[in-house]
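# Understanding the architecture of this molecule
Listed here are the chains, written in short residue letters.
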Amino acid sequence: MPPRFPSCKKLLLGQAPDMRRPLALMLLGQLIYLANAVLLQWGIELNLFRAGVVWTTPWMVVGPIMFYALARSGWSARLKDPSMVMAQSLYSALLTVLVYAFAHQEVRGFILCILPLIIMFGQFNLNGPQFAMFTGCTMAVLSTAMLVLSRYDEAPRGLSADLLELVYVALILGTSTSMALIGSNIRRKLVSSRMELAEALARVHALATTDELTGLANRRHMQDLLAEEAKRRRRLGQPLCIAVLDLDHFKRINDDHGHQGGDEALRHFARTAREALREIDVLARWGGEEFLLMMPATTAEQALTGLERLRQRLAEVPSPDALPGVRITCSAGVALHEAPATIEQTIDRADQALYRAKAEGRDRTSLA
Ligand SMILES: Nc1nc2c(ncn2[C@@H]2O[C@H](COP(=O)(O)OP(=O)(O)OP(=O)(O)O)[C@@H](O)[C@H]2O)c(=O)[nH]1
């Protein structure tokens, strides 16, 4: 039964898998903003800032909530970067420089410690040029703030001190950016090798379970499916039928049209049979021109009807271009799988029924 209320995590991070991490980072960012707002109040009480700094506090709450709301509501999905990392980074840097501008000289330095933190948040999304743009914008705003402060400070500390601080900030931003880029490159390589590995595994799985010529399940895969189905049948008590099918006079097709013509006949049969059978029936290439059909939840009568439909369809569809005028038919033997027989014993019975169908003139189905 589905839960009546979505979990808190789902509520906060939404359903879109791509947006979960950005939203989680935004929530973490909000906590840091909140901590900054609290520290700022403390600094105000200690008289470390000019009075005007209080105007920055609401923006420490409103800004991050606004970004979170835009992302959580899905509005930002229309943007090139739905996580709005660049906009968020610039917003944080601008706010930091504003607080810096309101700080008294003795605490300005440690306000700038926030800047590398912004870069750490950006490392998941920003690339080299974007980092360069962020650093450039931050440096430009900071130098403007320093220029303005040098005019209005009661006791300006002098151009050299401002310059030293700017160089320090450039050094720290440059180093943090390089480290973030190295980290994001490693992460990107990890993601791409994980995707390659997943694709390779899917290819290996397909190779291990499908028959290359017909695209049907191969013998080994069918054995696994049969074992699973037998277990399910025991549990649910539903009937299970197994049929062995064999193309008639296939050797003649091979002799008259070459091995390639024979292969085309096998593909044609596999295609036609898949179209005629139900979704839940599984057809596998059992070997050579022999196929095995597993029909779950099927009585013997229903199996005979299904196989008859298959034979009719085979008679109706035009022969493949490579085999003009060739009539492809098949014979089948079908057996109901019943306790205490093993799957192998039921297949043997179906095989014997197939033998009878061949002996009785081919192009027919025989029930074991
Ligand atoms: N082209 C092709 N031929 C195959 C393949 N596997 C088996 N064969 C051929 O299938 C033919 C099977 O012939 P037989 O077992 O004599 O049976 P048949 O000619 O179909 O006669 P009946 O089954 O009695 O109707 C042989 O010539 C095999 O070489 C395959 O993957 N491709």
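Residues numbered from 1 in each chain as written. Predicted model: local features only at pLDDT ≥ 70, side-chain atom pairs only at ≥ 80, totals over all residues. Heavy atoms only, no water.

## Comments concerning the site of the ligand
To keep things clear, this is the line we draw: One heavy atom within 4 Å of a molecule or strand makes the whole residue count as near it. Whenever two N or O atoms come within 3.5 Å, that pair is a polar contact, provided that in protein one can donate a hydrogen and the other can accept it, and provided that, for residues adjacent in sequence, both atoms are side-chain atoms. Computed with the Shrake-Rupley method and a 1.4 Å probe, the accessible areas treat only the protein chains shown as cover for residues. Numbering of helices and strands runs from the N terminus, with a helix taken as a DSSP run of H or I at least four residues long and a strand as a DSSP run of E at least two residues long. Ten residues, namely Ala, Val, Leu, Ile, Met, Phe, Trp, Tyr, Cys and Pro, are considered nonpolar, four, namely Asp, Glu, Lys and Arg, are considered charged, and the remaining ones, Gly among them, are considered polar.
Not every one of the 16 residues close to the ligand is listed here, only the nearest: Phe250, Lys251, Asn254, Asp263 and Arg285. Separating a nitrogen atom of the ligand from a side-chain N or O atom of Asn254 is a distance of 2.7 Å. Relative to its free-state accessible area of 670 Å², the ligand is covered by the protein chains to the extent of 66%. When contributions to the shell around the ligand are tallied by element, the ones reaching two or more residues are strand S1 (240-247) and helix H10 (250-276). Ranked by residue count, the leading element in the shell around the ligand is H10, at seven residues. Of the residues contributing to the shell around the ligand, the split by class is three nonpolar, five polar and eight charged.

## Quick notes on the pairing of S1
Cut-off, in case you're wondering: Throughout, exposure labels follow a simple rule: accessible area from a 1.4 Å probe, protein chains only, divided by the maximum for the residue type, with under 20% read as buried, over 50% as exposed, and the rest as partly exposed. In this analysis, strands are considered paired if DSSP registers two or more bridges between them.
Summarising burial for S1: eight of the eight residues are buried, a large majority. Burial of S1 is two-sided: the residues Leu240, Ile242, Val244 and Asp246 facing one way and the residues Cys241, Ala243, Leu245 and Leu247 facing the other way are all buried. Pairing geometry for S1 and strand S3 (residues 290-296), over seven bridges, is antiparallel. Note on S3: the bridge partner recorded for Leu240 is Pro296. The pairing of S1 with strand S4 (residues 330-337) spans eight bridges and is classified as antiparallel. Each bridged residue has a counterpart across the sheet, and for Leu240 the counterpart in S4 is His337.

## Re a nonpolar patch on the surface
For clarity, the cut-off: Patches here: salt-bridge-free residues with over 30% relative accessible area, like charges joined within 9 Å, nonpolar side chains (Val, Leu, Ile, Met, Phe, Trp, Tyr) joined within 5 Å. Counted as salt bridges are all cases of a side-chain nitrogen of Lys or Arg within 4 Å of a carboxyl oxygen of Asp or Glu.
Residues Leu28, Leu31, Leu34, Trp59, Val61, Val62 and Ile65 make up a contiguous nonpolar surface patch of roughly 650 Å² in combined accessible area. Taken together, the elements giving at least two residues each to the nonpolar patch come down to helix H2 (17-45) and helix H3 (57-72). Among the elements that make up the nonpolar patch, the one with the highest residue count is H3 (four residues). Relative to the elements of secondary structure, Ile65 occurs in helix H3. The exposure class of Ile65 is partly exposed, given its relative accessible area of 45%.

## Some points on the side chain of Asp281
Inclusion rule: Note on contacts: a residue pair qualifies if any of its non-hydrogen atoms lie within 4.5 Å across the two residues.
Assignment of secondary structure puts Asp281 in the loop between H10 and strand S2 (282-287). Take Asp281: its relative accessible area is 4%, and that puts it in the buried class. There is a polar contact of 2.8 Å between the side chain of Asp281 and the side chain of Arg278. The contact partners of Asp281, leaving out residues within four places of it in the chain, are Arg274, Leu293, Met294, Met295, Pro296 and Thr298.

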